[in-house]
Amino acid sequence: MAATLARAATMEEEVRAVFDKWIAAQNAHDLKGIRNLLSDSPDMLWISRGKPIWGRDAALKTLEERYKGTWKIEVDKKELRVISVSRRVAQVYAPTQLTSGDPGADASRNRVFINLVMVKKPEGWQIVSILPILVSPQ
């Protein structure tokens, strides 16, 4: 039992560390850093503005365009949760504030529940899906 708990704690720490790197890379507009965190698979999925973006290269191209404007993510670390699906699969639930806007336009600030699925591969934990849920203002 103690070994299982220790393994779960280690997994959570590893997943949180990768998530923190992903947020830092997003806020630094670091496409190379993000590339290393996303799974290089045509099945890597990011839902963005209600549309599916399939594959790491398509996601990076979309982010490159978004980074020309305003793009900043602030995570509510107290509410962040790592859910163990299996020893090699984890889901991250992260309530966030996303500030975004096209170049030259006013940025909007929205509350978003980010849901990531990560898979542990030989090279480490990688993001295989990014499923944000926009929270309607109350």
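Below: a short report on this structure.

How each quantity is defined
Residues numbered from 1 in each chain as written. Predicted model: local features only at pLDDT ≥ 70, side-chain atom pairs only at ≥ 80, totals over all residues. Heavy atoms only, no water. Helix = DSSP H or I, 4+ residues; strand = E, 2+ residues; numbered from the N terminus. Buried < 20%, exposed > 50% of the residue type's maximum accessible area, 1.4 Å probe, protein only. Contact = heavy atoms within 4.5 Å. Pairing = 2+ DSSP bridges.

The residue Val135 is located in the segment after strand E7 (124-134) in this model. Judged by its relative accessible area of 22%, Val135 falls in the partly exposed class. Beyond its immediate stretch of four places on either side in the chain, Val135 contacts Arg111, Val112 and Phe113.

The next subject is the pairing of strand E6 (residues 108-121). As judged from the twelve bridges shared by strand E5 (residues 89-101) and E6, these two strands associate in the antiparallel manner. Within the sheet, the bridge partner assigned to Ser100 lies in E6 and is Ser108. What sits between the antiparallel neighbours E5 and E6 is a turn of six residues, in which Gly104 has the positive phi angle 80 degrees. In this sheet, E7 lies alongside E6 in antiparallel orientation, the contact comprising ten bridges. Its bridge partner being in E7, Lys121 is matched across the sheet by Gly124. Here E6 hands over to E7 after two residues, the two strands then running antiparallel side by side.

Next up on the list: the pairing of E7. The side chains of a regular strand alternate between the sheet's two faces. Sheet topology places strand E1 (residues 45-48) next to E7; two bridges connect them, and they run parallel. Directly across from Trp46, in E7, lies its bridge partner Ile130.

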